[in-house]
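A closer look at the structure
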Amino acid sequence: DFFTEGLWLQLPPAWQAALADATPPQLAGLLGGRGGPGAAWPLSLLAFAAAARALAFPRGRPGGSPRPPCQSSHLHPLLRRHVKPKKQHEIRRLGEVGALLYPPHDPPVPPQPPNTPFSPQLLRRLSQATGCERVVDVGAGQGHLSRFLSFGLGLSVTAVESDGRLAGLAERFDQELLRELEKTGGAGHGGHPRRRLNPPGVRPLTAQAPRHVPGRLDPAAPWAELLLPPDPPGPGPAAQNPLGGPGGSEDGGRVLVTGLHACGDLSPALLRHFACSPAVAAVASVGCCYMKVSTAPQPPGCPQPGYPLSASVAALPGHQLSYRAREAACHALEEYEGRLRRGSAHLRAHCYRAALESLICSAHPGKRHLGVQAGRKAHTLSFPQYARLGLPHAGLDPAGVPLDSGAVEAMLEQQHKVVAFCTLGQLLAPVVETLVLLDRLLYLRERGFHCALVPLFNPLFSPRNLVLVAARTPLDTALAGLDEDSEDED
């Protein structure tokens, strides 16, 4: 919207003058609060940046490499297959939360060093305190987290995925892993010495696969009826709800519910189901795609909105969040700061997208904020090349849109202003995310639950790194020591 809504002219004049002359490294200093070479910012801009940082939840220290390693040495090699490094980092860290809350009883855990998350003393103590051995992974995708929890930690896992194709792919990956376990003599650590895959210090695998259930979460249904048919429908018959037993699960026992980057309204739906179902002992939720969250007021007959959830936030004047604000909250602040410091060519893509939005709105005013993807290497293209890839996604013929006009050149010359304005958006992004997550935390606390927000992932690897953990019993023991688990291990 930079060009379509004239956003630059909406800034205070003193900010315009300072930002127009700022270099990318100076903008990085403003964003990170570390100063910058030769920057002289207006006092009001400095106050704005300081207030934004003070109002946001801490995101943890992003130390270490700017990228996760190619493979995590703390995951079993068989659990790394088909899993990108970022996801390896996430499932291992989130899996530790699940293990801390509800550890497995069988098989026995090999001896570990004292005070580690997998300490058998801690696992036994927590297992006795909770008595929960089952996990439901909602929005399981290809089943990477479910496989880690079941094969890696020995938990009984039900994986729920709305896309029947992904659920089928997850089952295929499970079968591959089971076949490999058979070849290695079971649990991935026996058999012929040359085929042993279990590295030193890594937990041996069990032969316990997750169960995959294709279905969508119904946010308005009680827990015993929470599943709708998958979309698109799977090839097999509709799955029976695995959680419809007398106590809320198939065997009447309690369950832990988790959702790793549950998109849009799925995360609020998980929290609502936790709140209304005593069979759900705890929930560990990582949200994403805040721009897809429904907001109040909702039309009659529609489910309750995903924001606000809490009475506390709903009562705040000005609590409403626009699409633009919620979309900005999904950005990767630490990664953007790094690009500014390096003067990365990736910054060019922001101006390209803003100019393309102007062209789209000029050709068809009704088409705005469309998902126009020109590829991961858009910054390496000329603008005409970028536009020819993007315009068809908006239903427009590139031949009918002027791509080399003087107006386009004038927009491209303002790249430094677009980058500066995006920097201000990045400053506010953690504040918006804080409001969304604070609303969810307050919703649970208003109902008497124990809950906490934990910066579990390294924000350089996983920008949506705050995990909302809630339980019906105190969490102090379960979460103790998580902040001491150094990311140097990866």
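Scoring rules and cut-offs
Residues numbered from 1 in each chain as written. Predicted model: local features only at pLDDT ≥ 70, side-chain atom pairs only at ≥ 80, totals over all residues. Heavy atoms only, no water. Helix = DSSP H or I, 4+ residues; strand = E, 2+ residues; numbered from the N terminus. Buried < 20%, exposed > 50% of the residue type's maximum accessible area, 1.4 Å probe, protein only. Contact = heavy atoms within 4.5 Å. Areas by Shrake-Rupley, 256 points an atom, 1.4 Å probe, with all protein chains shown as cover. Axes fitted to C-alpha atoms, helices over the stretch in contact; angles between N-to-C directions. Parallel < 35°, antiparallel > 145°, perpendicular 65-115°, else oblique. Left-handed = near helix turned anticlockwise from the far one by under 90°. Nonpolar A, V, L, I, M, F, W, Y, C, P; charged D, E, K, R; others polar. Core = buried A, V, L, I, M, F, W, Y, C linked by side-chain atoms within 4.5 Å. Pairing = 2+ DSSP bridges.

The name an unreviewed UniProt entry assigns to the protein is rRNAD protein, from the organism Formicarius rufipectus.

What follows concerns the overall build of the protein. Assigned secondary structure in the protein consists of 17 helices and nine strands. Counting over 490 residues, the protein shows a buried share of 50%. Counting contacts in the protein only where the partners sit at least 6 residues apart, residues at least 24 apart contribute 70% of the total. For the protein, the accessible area works out to roughly 22300 Å², and carbon and sulfur atoms hold 56% of it.

Buried residues dominate helix α7 (residues 144-152), accounting for nine of its nine residues. Residues His144, Leu145, Ser146, Arg147, Phe148, Leu149, Ser150, Phe151 and Gly152 constitute the buried set of α7.

Moving on: the packing of helix α3 (residues 43-55) against helix α16 (residues 415-445). Two packed helices can be described by the angle between their axes and the distance between those axes. One can describe the packing of α3 onto α16 by two numbers: an axis separation of 8 Å at closest approach and a directional angle of 30°. Judged by the inter-axis angle, α3 sits roughly parallel to α16. Two packed elements cross with a definite hand, and for α3 against α16 that hand is left-handed. Counted together, Leu45, Phe48, Ala49, Ala52, Arg53 and Leu55 of α3 and Leu424, Leu427, Leu428, Val431 and Thr434 of α16 form the full contact between these two elements. Taken together, the residues of the contact of α3 with α16 break down into nine nonpolar, one polar and one charged.

Residues Phe3, Leu19, Leu27, Trp41, Leu340, Phe383 and Leu391 are the most contacted members of the largest nonpolar core, which totals 45 residues. A total of seven residues in this core trace back to one element, the largest contributor, which is helix α13 (residues 348-363). Ranked by size, the runner-up nonpolar core spans 32 residues in total, among them Val138, Leu217, Val313 and Val436.

Let's shift gears to the sheet that holds strand β6 (residues 255-263). Read from one edge of the open sheet, seven strands run β3-β2-β1-β6-β7-β9-β8, paired in mixed fashion. Looking at which strands have only one partner, the edges of the open sheet turn out to be β3 (211-214) and β8 (450-455). Sheet twist, expressed as the mean angle between neighbouring strand axes with direction ignored, is 15°. One ladder, built from eight bridges, connects β6 with strand β7 (residues 280-288); its direction is parallel. Note on β7: the bridge partner recorded for Cys263 is Cys288. Where helix α9 (residues 266-276) meets the sheet, it contacts β1 (134-138), β6, β7 and β9 (466-471), and its direction lies at approximately 165° from that of β7. This element, α16, spans β7, β8 and β9 of the sheet and lies at about 160° to β8.

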